Each structure stands twice: as structure tokens, then as C-alpha cells.
Amino acid sequence: MEVSPEFAVQMHGIVKKFGAYTALDHVDLDVRKQTVHAILGENGAGKTTLMNILYGLYQADEGSVYMDGKEVSITSPTEAIAHGIGMVHQHFMLVENFTVTENIILGDEVCGAAGVLDMRKARKEVMELVEEYGFDVDPDAVIQDITVGMQQRVEILKALYRGAEVLILDEPTAVLTPQEIEKLIEIMHDLIAKGKSIIIITHKLKEIMQSADECSIIRRGVYMGTVDVKNSSETELASKMVGRNVNLTVEKTPAHPADVTLSIRGLTVKDERGIEQVRDLNLDVRSGEIVGIAGIDGNGQQELVDAICSLAKATSGAILMNGQEIQNTNPRNVLNHSVAVIPSDRHRWGLVLPMMVEENTVLERHGEDMFGKGIMLDYEKLHEFTSKLIESYDIRPAGCEEERMSGLSGGNQQKAIIARQVSYVPDLLIAFQPTRGLDVGAIESVHKTLIAERDRGAAILLISFELDEVMDVSDTIAVIYHGQIVGTFAQGTVDENQLGLLMAGGEAK
Amino acid sequence: MNKVEKFLRGRFASALVAVIIGFAVAAVVLVAAGYDPIASFGALLSGAFGKPKYISNVFIKATPILLTGISVAFAFKTGLFNIGAEGQYILGTVLATVVGCSLNLPMPLQVPIVLLSGMVGGALLGAFVGWLKAKFGIHEVITSIMCNWITFYLCNFVVMSDAFHKPNSTSAVPVNPSSYTILFGMWKKSEAGKQFLAGIPWLREILLKTDLSAGFLIAVVVAVIISIVLKRTKLGYELRAVGLNRDAARFSGIAVERNIVLSMLISGAISGLAGALSITGTSPHTITLLAAMEGYGFNGMSVAFIAGCAPLGCIPASILFASLIYGGMSVQQAMGVPSDIINIMIGTIVFFTALPGIAPFFANKIQRRREAKELASSQGIERA
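Here the residue index of a chain counts from 1 through its sequence in written order. Written order determines the labels here, with chains lettered from A and ligands numbered from 1. Where totals are concerned, whole chains, interfaces and linings use all residues; where local detail is concerned, this predicted model gives features only for residues with pLDDT of at least 70, and gives and counts side-chain atom pairs only at 80 or more.

## Details of the overall build of chain B
Moving on, step 1. Put simply, DSSP H or I for four residues or longer makes a helix, DSSP E for two residues or longer makes a strand, and each gets a number counted from the N terminus. Check the secondary structure of chain B and you find 17 helices and 0 strands.
Moving on, step 2. Whereas a compact globule of 384 residues would reach a radius of gyration of roughly 21 Å, chain B reaches 24 Å, a difference of no more than 12%.
Moving on, step 3. Seen along its three principal axes, the alpha-carbon backbone of chain B occupies a region of about 90 × 60 × 40 Å.
Moving on, step 4. Whether a residue is buried, exposed or partly exposed is read from the other C-beta atoms within 10 Å of its own C-beta, which are placed from the backbone; 20 or more gives buried, 12 or fewer gives exposed, and intermediate counts give partly exposed. A burial count over chain B gives 48% of its 384 residues as buried.
Moving on, step 5. By the criterion used throughout, residues are in contact when their C-beta atoms, derived from the backbone, lie within 7 Å. Of the contacts formed within chain B by residues at least 6 apart in sequence, a portion of 80% connects residues at least 24 apart. With the radius of gyration taken over C-alpha atoms, the globule rule is written as 2.2 Å times the number of residues to the power 0.38.

Structure below.
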């Protein structure tokens, strides 16, 4: 596209190499003024790299950047800010125990004579900004006391305070509830109306359809084109992103629940600080059904899983697996009761990254005789076993048995964990955030595996912060709020808004 | 990728690059101090390998640091930093001496019992450190440094105690000769032995002029066993998993605490064996009053890091280290070069092996230069 002042930002022919690896290969981006421009791509496609170049964190090896039709050179975030670019990172960069005002002016403080901080003037400036953009934020509130959605607005204010004309939002909806997402989209449209331009990085198709005007797609570092969102569909975007047709709806037959496999009765769990995170929780999961727990991060999900795995102590209540109590024993005993867990943080709980793939696929069961008699570990057997898993779960690259686990992509690491957990033929499979950070293609394969396990007769407990995932995959949807199940619904009998309200502590209508 | 680049990314490159840089720095220091570096390095080489007995002495010197090296390397591979090899070594010498001078059994019984008691000493001390870590979360570096001093003073206490002090000396009573691990100890001094050795001068020199013992062979066997344990057994697998990701190991039902204690126990046993072999293998075959720590444990750490913490890699690393120490003494005698310069060289080598990025750094440089050249030539073709 031609360089013209119609565009807030233009990046042409951007090439970025890391060693021998080409992260970006002649990528173009043209962001029209006063539009929301989405950048869509799978994990590792190069979206964030491209934005880091624009924000001056990386230098491009080739290519040029134009703003308002003039070529600019941005070699540091300071220069980016000076050019009117603001970035809101996926993980907020706020000082938890500072007030909103203090956070906004941090690094750009208003000073009176002799460098004395003029808080009154600063507060007034922040107030003006809040009023101008109609943000619902109290400038005197302390960050740790406000909701995640408000924290995000503070981040946006921070950028606006520094005079941002172009806002980059990196995965802005990852941590928000459905209601907060709606509010964010409203804010984005407001900002455009007031003359700003917005770039959002995401791999969530629904939000692009709702919020963006144009969408540029990057696949493995290669620019795939820009589409007009109005004349496009989720399916079209998905196939452009992945490079093949993707089935976005989860296909499954009705569940045939049988006996109760996991039964949780009056479970209470405290965290390290002694605060009750799970409070008198009751839940049943039957074999042959998927029970999904919807909820916002930090409402007791982690502690619930820890208690089931015997990693955290249950202060009261019981966890029964096929009728036998398993609470407050040890992880080995829980495994022996045929419980398999796909952990939420695969790097921390699921894998030993520096070890080989074939060593990781037997993490729980290396002691079994099939992997070597007596004290010896038979690596030929490991290899054979792993080759089978690699083939049936399409773990890539093929033949990676003796590669280090750290060399695999996130999606393939996750496939390896799932393959391992399913290989036990468990009675209960707990999937905690099983698709976190995965792209559309990989998500599809994870969901298929969960449903196949259900159809085999396993009980599946799915815990996810992605409401769509819970709604699409589960046969029964339970909502967790403040450590309690506040509602249980059969799939299809409840809508997003009702669940969203419950997740946020409201009353169901 | 060309051959040099490939080599630089390989396993031995870091150690080799570090050794070369170590020698280079030593050369600069030698020149600055007014000595001829080539002649000094020559003296170093002939001092370490010039005569059969020198070579024998290098192996004798290498024995304890090979074992403490394996001890540190093993712990490191399982995620623990055993800085207490020194203390475990000392406790090994103390227990070996106490048992070796109290018992006097036939050799085939006495030697294993004495060696085993040294191992038990080191193992208990190591396991104690491991237990403190597993049970109370106290870092092993802190506790094992403390234990180093405790065993150091315990050793001096035993030397001076009524039960074990050898009158009019600064040593304890030597162990009974049936505990000796010196090779052909009795036979080589007998008439038959002397007659036989007269015909083979190099062997005569090695056996009669040095305390060549079974120690180095035992240490090599230990290196092989530990290497197999780490790479090929279920125990080694668990220990490595615990060391590399404790949370994932716990999540998978591996008993993390038990493995931490076990790892330190094995590591301590190896250091204890090093101490026991020093007593049975070299004179004065007893512990002496120590003014300062002898540094076998700390040198073992250097050996382990030069070897990249591979148990088998400790074998060449310990020989290198021992030849520098032993050969360094000749440099001092032949050239008048202070031994400090040898220590600077050793220090430099260890310093650079501790920087694992150093060899890949050179590899990257070569790669970049090659790519630039390729780019330039391809552009040249385009222009033509």
C-alpha cells in the first residue's frame, strides 16, 4: 500500500531474524487513522514481535516504519512514546500498592519547584483524562483493590496520559469477564471516535468480529493479507490464520453419564496465608460426562485441583474417588486411584523441560515394569512407547523422541502431556486450562481428545477461564465463585450473560 | 555450519576454550612478570609427564579430586549444590583412620571395611544436609559450609584425643598396614619383587618411588557407575527429574523429599570414599592436625565444573587439574616462577568454564562472519 497520511502507522517489508530463525518475513501492516486494526495469528506467528518492533523493543533487520505518511525510526520505547505510540501489555505493569493516579504518572511525574512532586496537579490532570474518555475509574483507589477490568483501563490511561495517538493492546481480553470485554469494546470505539487509532493483538476470532474494522493475518512470520472484517467471517479468518479449514464448533454426541466417579463433599481448602479459597464445595462428576467449571481466575480453581491431587491440605470435607476417600494423602496415591491431571501451568507442573521428550512421556509411570526391570530404565522401551504417542497424537516434529522437551512448541508440549495423561486410561481426567495459549488448530485437537475420553467412559472435569470453552465442551456447566459452586446447568440451558453474572458474584436471573 | 562452529557448540568446547584462555592469561602474567612463557609451559609439561614417576604422582594427586569432583557433579545433576564435599572428605578421612587403626583384620576384609566406614561418614553428613533441606527448606549451601567447619574441628579434635593421638607428633595413629590400598605394597619390597622389577626400569620407578595405589582405578569405576546410575536407572531418572523441576516431579507422584536426602547421601558417600582412599593410599596413612582446609572438596568443585558436571568428564578434568598442580611445582623449581602464577592459570580456567556461554559466543561470531560473507558473495553475483 502507498505511504500516505491517511494511515496512522505503516510498516512495510519488515524482516526480523533471530539467529537462523526468521520470525518475520517481509510483513506489511497499514493501520488507517481512527480504526481498530486487529493482528491475528497463531502462537509464535510473530504478532508480538511485530508490535515490539513498532514499540522500539526490537530493531527490524529490514523494512521501514511510517507514521502519518512520514518515515520514522524508533529504536527505544522512549522514542515510541515520543511518537505517540502507547502499549498495553498482556500482563499489566502496575504497582499494586500505589493509587491509580500514582501509577499513571509514574515515570512522567508532575513536579513543582525543586523537583517536588505536585500530586494535586497530577490528580487534576488524571481526573480530566478520566472525564474526557468517560472511564469509570477512581483516581484515588489503590490498584490491588480494583477489578482487573479497571486495572486495564488504568493501563490505557497511562498510555493516553503520555499523549498516545496509537494504542497497542496485546491480548487485552485474556483476563476479562464477558461483561468486562463488552465494556472494553465500548471504550475502544469511544477512543476511535475521539481520534485515536488502535492495534489489537489477539487470536480470539469472536472479539475481532465484534471490535475490529480491519484485520491483518500473519502465519508463521509471513504476511497473509488484510481483510475487511465487515465482509468476512470467523471461519474465513480461522482458515487464513491456520492455513486449512478449521472446525470451530465442537462436535459431540449427547453424553451418557453413568455412576459417580468423583464426588466432592463439603470441601474447604486454605491457601498458604490461611485464607479459605475453597469453601464447603460440593461437586459430582460421573463417568461418561464432561463437567466444566466456569469462573474467573483466582476463585479457588487452583486450590480445588491441588486438593484433589493431594498437593494442598483439605481442612474439612471429603474427596471420594469411586467411593474411596483420597483427600490428604499424596500425589502417588491419587494417581493410583486412576486420576490423571492436565495441569494449568505445563512448564511448572507438567514437564521437565530440559529432559528428553521420551523421558517426559513416562514421568508418572517410569517405575512400571514395562519400562525396565528392577533398577534399570530401558530407554529402548521408552522410545518405542513415545513413538506410538507421537504418532497417534501428531506431536511435532515427528521423530522428536530424543529431543529436549523445551525444543517443542507450546501446542506440541501440551499434546505430549495430554497423550501421557490419556495413556493411563484414567477413570477421571482433570483438564485445568488445557488450551491455555494454544492456537485454533491445537485447541480443536485438545477438545476432540477430551470428548473421545468421555466417550470411552472416563469422567472429565474441565476447569477453564475461557467461558466459551466451558460452554462448548461441557455436558454440565458449574460456576465457581469465591470457592463455591454457585450454579449448575445442563449444556444449552444457560447463556453467556447468566454465567458471566454468576462468575462475577451476581445473582442468576 | 562448518566444522569449527559445530565443535564450538559441542560438549567439550567450553572446557577446551577455557583451558586455552587460561593458558593465554597465564602467558600474559608470565611475560609481565619477566618470565619466558614457552619455557615455563615446557617446564610445566615435563614436570607433570617427563618421567614415569611424575605421571604416577599426577594420578595419585588426581584420585581424591576425581572423587570429590564426581560427588559435586552428581549432586549438581540432581539440582543440588554440594559445597560440603570438603567436610564429607574430612569426615571420610577421620572415620577411615579411626576404624583402620582400631581394627586389624586380614587385608581382604580390612580394606573394604575401612573404605566403607569412610563412605558411611561422608554419606551421613551428606544425608544430614539433604534432610535439613527436604524437611525445613534450609539451603544446602549454607548448611554444608557450616558442616565443613564442624568436621574440620572434629578432625583436629580426634587427632589430639588421647585415644588416637600419636605421641610427639601432630598426627593421629596411622592405620594398620592391612588397610593399605597401595598396589603390590608387600610384594614390591620383597626380594622376588625387587628382582623382577630390576628388569623393567619404568615400572620399578613407578612402584618403588611413588605410592601408586588402587585409588585411581576405584575412582574411575565410581565415575562409570555414577554415570550409569544417572543415565540408565530409574533412580537416576527420578533424581534428575527432581533436580530439574521439583514441582513437576512432585505432581507426578515422585517422592521429592526422599530423593533430595538420597542424592546428598550418595554425593556424600563418594566424597567420604575420597577421604578414605587418601588414608589407605598415601602416607602418612593417618589424619594430621590441620591449620587450614586442604581444599580437596573445593578442587573437586573446580573439576566438576571443568567437566560440565559429567561424571566421566571428571576423569580428564581431574588429570588436567592434578597435572597443573603437580607440574606447577616444577615450574617453580626450574624457572623460579612463583606458584601463584600457576594458581592464576587454574583460577582463570575455572572462571571461564563457569561461563557456559563462552564457546557458543565464538560459534555465533563465526556464523555471523560466514553469513555476511555469503550475503556479500551472493550480492556480488547479482551485480555481476
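## What to know about the overall build of chain A
Moving on, step 1. Scanning chain A from terminus to terminus reveals 17 helices and 20 strands.
Moving on, step 2. Taken against the 2.2 N^0.38 rule, which gives 23 Å for 509 residues, the C-alpha radius of gyration of chain A at 25 Å falls within 12% of a compact globule.
Moving on, step 3. Its C-alpha atoms give chain A principal-axis dimensions of roughly 70 × 50 × 50 Å.
Moving on, step 4. Counting the 509 residues in chain A, one finds 45% classified as buried.
Moving on, step 5. The contacts of chain A with a sequence gap of at least 6 include a subset with a gap of at least 24, amounting to 67%.

## Focus: helix α9 (residues 301–308) of chain A
Working note: α-helix, 3.6 residues per turn, so residues spaced by three or four point in the same direction.
Moving on, step 1. Of all the 8 residues making up α9(A), 7 are buried; the element is thus mostly covered by neighbouring parts of the structure.
Moving on, step 2. Taken residue by residue, α9(A) has A:Q301, A:Q302, A:E303, A:L304, A:V305, A:A307 and A:I308 as its buried positions.

## Regarding the nonpolar core
Moving on, step 1. We define a nonpolar core as a collection of buried residues of the types Ala, Val, Leu, Ile, Met, Phe, Trp, Tyr and Cys that are connected via C-beta atoms lying within 7 Å of each other. In terms of nonpolar packing, the biggest core is built from 253 residues, with A:L54 and A:I430 touching the most fellow members.
Moving on, step 2. A per-element tally of this core places helix α4 (residues 52–77) of chain B first, with 14 residues.
Moving on, step 3. In this view, A:L54 contacts A:V9, A:M11, A:V65, A:I74, A:I85 and A:I168; residues no more than four positions away in its chain are not counted.

## Section: the domain arrangement of chain B
Residues and elements named next belong to chain B.
Moving on, step 1. Split by domain assignment, chain B resolves into domain 1 (1–35 + 338–373) and domain 2 (52–186 + 212–336).
Moving on, step 2. A domain assignment, automatic or from a database, supplies the domain bounds used here. Inter-centroid distance (C-alpha atoms) of domain 1 to domain 2 is 29 Å.
Moving on, step 3. Each partner contributes to the interface: domain 1 provides 13 residues, whereas domain 2 provides 10 residues.
Moving on, step 4. If you list the elements that add at least two residues to the side of domain 1 that touches domain 2, you get α2 (13–32) and α16 (339–353).
Moving on, step 5. For the side of domain 1 that touches domain 2, the per-class residue count stands at 9 nonpolar, 3 polar and 1 charged. Note on residue classes: Ala, Val, Leu, Ile, Met, Phe, Trp, Tyr, Cys and Pro are nonpolar, Asp, Glu, Lys and Arg are charged, and everything else, Gly too, is polar.

## Details of the sheet that holds strand β18 (residues 459–464) of chain A
All names here are of chain A.
Moving on, step 1. Taken together, 6 strands build an open sheet; the order of strands is β16-β17-β18-β13-β19-β20 and the sheet is mixed. Looking at which strands have only one partner, the edges of the open sheet turn out to be β16 (339–342) and β20 (484–490). Pairs of neighbouring strands in the sheet enclose a mean axial angle of 20°, with direction left out of account.
Moving on, step 2. DSSP calls a pair of strands paired once it identifies at least 2 bridges connecting them. Relative to strand β17 (residues 428–432), β16 is paired through 4 bridges, and the arrangement is parallel. Following the sheet pairing, V341 is matched in β17 by I430.
Moving on, step 3. Of the strands in this sheet, β13 (290–294), β17 and β18 are in contact with helix α15 (residues 440–456), which crosses β18 at around 150°. In this analysis, axes come from line fits to C-alpha atoms, helices being fitted only over the stretch in contact, and the angle between any two N-to-C directions falls in the range 0 to 180 degrees.

## Section: the domain arrangement of chain A
Moving on, step 1. Along its sequence, chain A is carved into domain 1 (7–242), domain 2 (258–338 + 427–509) and domain 3 (355–424).
Moving on, step 2. A C-alpha centroid distance of 40 Å is found between domain 1 of chain A and domain 3 of chain A.

## Quick word on the sheet that holds strand β12 (residues 276–286) of chain A
Residues and elements named next belong to chain A.
Moving on, step 1. If you trace the 4 strands from one edge of the open sheet to the other, you get β12-β11-β14-β15, paired in antiparallel fashion. Single-partner strands in this sheet number two, and they are β12 and β15 (324–325).
Moving on, step 2. Two elements, strand β14 (residues 314–321) and β15, share 2 bridges in a ladder whose sense is antiparallel. The partner of M321 across the bridge, within β15, is Q324.
Moving on, step 3. Sheet strands in contact with α9 are β11 (260–270), β12 and β14, and its direction is about 65° off that of β12.

## Let's talk about the interface of chain B and chain A
Moving on, step 1. With 15 residues of chain B at the interface, the matching set in chain A holds 23 residues.
Moving on, step 2. If you list the elements that add at least two residues to the side of chain B that touches chain A, you get α11 (234–244) and α12 (246–251) of chain B.
Moving on, step 3. Here the element with the most residues in the side of chain B that touches chain A is α11(B); it accounts for 6 residues.

## So, the environment of A:E6
Residues and elements named next belong to chain A.
Moving on, step 1. With respect to the element layout, E6 can be found in the segment before β1 (7–18).
Moving on, step 2. According to the C-beta neighbour criterion, E6 is partly exposed, with 13 such atoms within 10 Å.
Moving on, step 3. Along the backbone, E6 and Q34 are 28 residues apart, and their C-alpha atoms lie at a distance of 9.6 Å.
Moving on, step 4. Among all residues touching E6, those that are not within four sequence positions of it are R32 and K33.

## Observations regarding helix α8 (residues 234–242) of chain A
Residue and element names in this part refer to chain A.
Moving on, step 1. All of the buried residues in α8 are L237, A238 and M241. Around the axis of α8, the buried residues are gathered within 100° of arc, so they sit on the same side.
Moving on, step 2. Directly beyond the C-terminal end of α8, a positive phi value near 95° is found at G243. Throughout, the arc means that of the directions going from the helix axis to the C-beta atoms.

## Side note on the pairing of strand β19 (residues 476–481) of chain A
Residue and element names in this part refer to chain A.
Moving on, step 1. Among the 6 residues of β19, 5 are classified as buried, and the element is accordingly described as predominantly covered.
Moving on, step 2. With 4 bridges joining them, β13 and β19 adopt parallel strand pairing. Considered in β19, the bridge of A294 is made with V479.
Moving on, step 3. Sheet analysis places β19 next to β20, joined by 6 bridges and oriented antiparallel. Residue pairing across strands places T476 opposite A490, the latter belonging to β20.
Moving on, step 4. The loop that links β19 with its antiparallel partner β20 comprises 2 residues; one of these, H482, has a positive phi angle of about 50°.

## Let's talk about the confidence of the model for chain B
Moving on, step 1. Each residue carries a pLDDT score, the predictor's own confidence in it, on a scale running from 0 to 100. Residues of chain B with pLDDT of at least 70 account for 93%, and the chain-wide mean is 88.
Moving on, step 2. Two numbers describe this predicted complex: its pTM, 0.77, and its ipTM, 0.79.

## Focus on the packing of helix α5 (residues 85–102) of chain B against helix α6 (residues 107–136) of chain B
All names here are of chain B.
Moving on, step 1. Interhelical geometry of α5 versus α6 gives an angle of 145° and a closest axis separation of 7 Å. The way α5 lies across α6 gives a crossing that is right-handed. Contacts between α5 and α6 involve G87, Q88, L91, G92, V94, L95, A96, V99 and G100 on the former and, on the latter, I113, V114, S117, G118, M119, V120, G121, G122, L125 and G126.
Moving on, step 2. For the contact of α5 with α6, the residue count by class is 10 nonpolar, 9 polar and no charged. In a left-handed crossing the near helix is turned counterclockwise from the far helix by less than a right angle, and in a right-handed crossing that turn is clockwise.

## Things to note about the packing of α4(B) against helix α14 (residues 296–306) of chain B
Residues and elements named next belong to chain B.
Moving on, step 1. Close contact between α4 and α14 brings their axes to 7 Å; oriented N to C, the two are set at 65°. Crossing geometry of α4 relative to α14 is assigned as right-handed. Along the contact surface, α4 presents P64, I65, L66, T68, G69, S71, V72, A73 and F76, while α14 presents Y296, G297, N299, G300, M301, V303 and A304.
Moving on, step 2. Class assignment of the residues belonging to the contact of α4 with α14 gives a composition of 10 nonpolar, 6 polar and no charged.

## Quick notes on the pairing of β1(A)
Residues and elements named next belong to chain A.
Moving on, step 1. Pairing of β1 with strand β2 (residues 21–32) involves 8 bridges; the strand directions are antiparallel. Residue F7 lies in a different strand from β2, and its bridge partner there is R32.
Moving on, step 2. The antiparallel pairing of β1 with β2 creates a hairpin that spans 2 residues between the two strands, and G19 there sits at a positive phi of about 60°.

## Examining the environment of A:S474
Residue and element names in this part refer to chain A.
Moving on, step 1. Of note, S474 is situated in the loop between α16 (467–473) and β19.
Moving on, step 2. Separated by 183 residues in sequence, S474 and V291 place their C-alpha atoms 5.5 Å apart.
Moving on, step 3. The contact partners of S474, leaving out residues within four places of it in the chain, are I290, V291, G292, L462 and Q491.

## Some details on the environment of A:R348
Moving on, step 1. Following the sequence through the fold, A:R348 ends up in helix α11 (residues 346–350).
Moving on, step 2. On the neighbour-count criterion, A:R348 (14 C-beta atoms within 10 Å) is partly exposed.
Moving on, step 3. In this structure A:R348 touches B:D247 and B:A248, once residues within four positions along its chain are discounted.

## Points about unusual backbone geometry
All names here are of chain A.
Moving on, step 1. Between R396 and the following residue, P397, the backbone shows a cis peptide bond with an omega angle of 0°.
Moving on, step 2. Note on placement: P397 falls in the loop between α13 (379–393) and α14 (410–422).
Moving on, step 3. A positive phi angle is found at Q34, which is not glycine, with a value near 55°.
Moving on, step 4. For Q34, the location among the structural elements is in the loop between β2 and β3 (36–40).
Moving on, step 5. Judged by the 15 C-beta atoms lying within 10 Å of it, Q34 is partly exposed.
Moving on, step 6. If you check the backbone angles, S338 has positive phi at about 65° while not being a glycine.
Moving on, step 7. Within the secondary structure, S338 is located in the loop between α10 (331–336) and β16.

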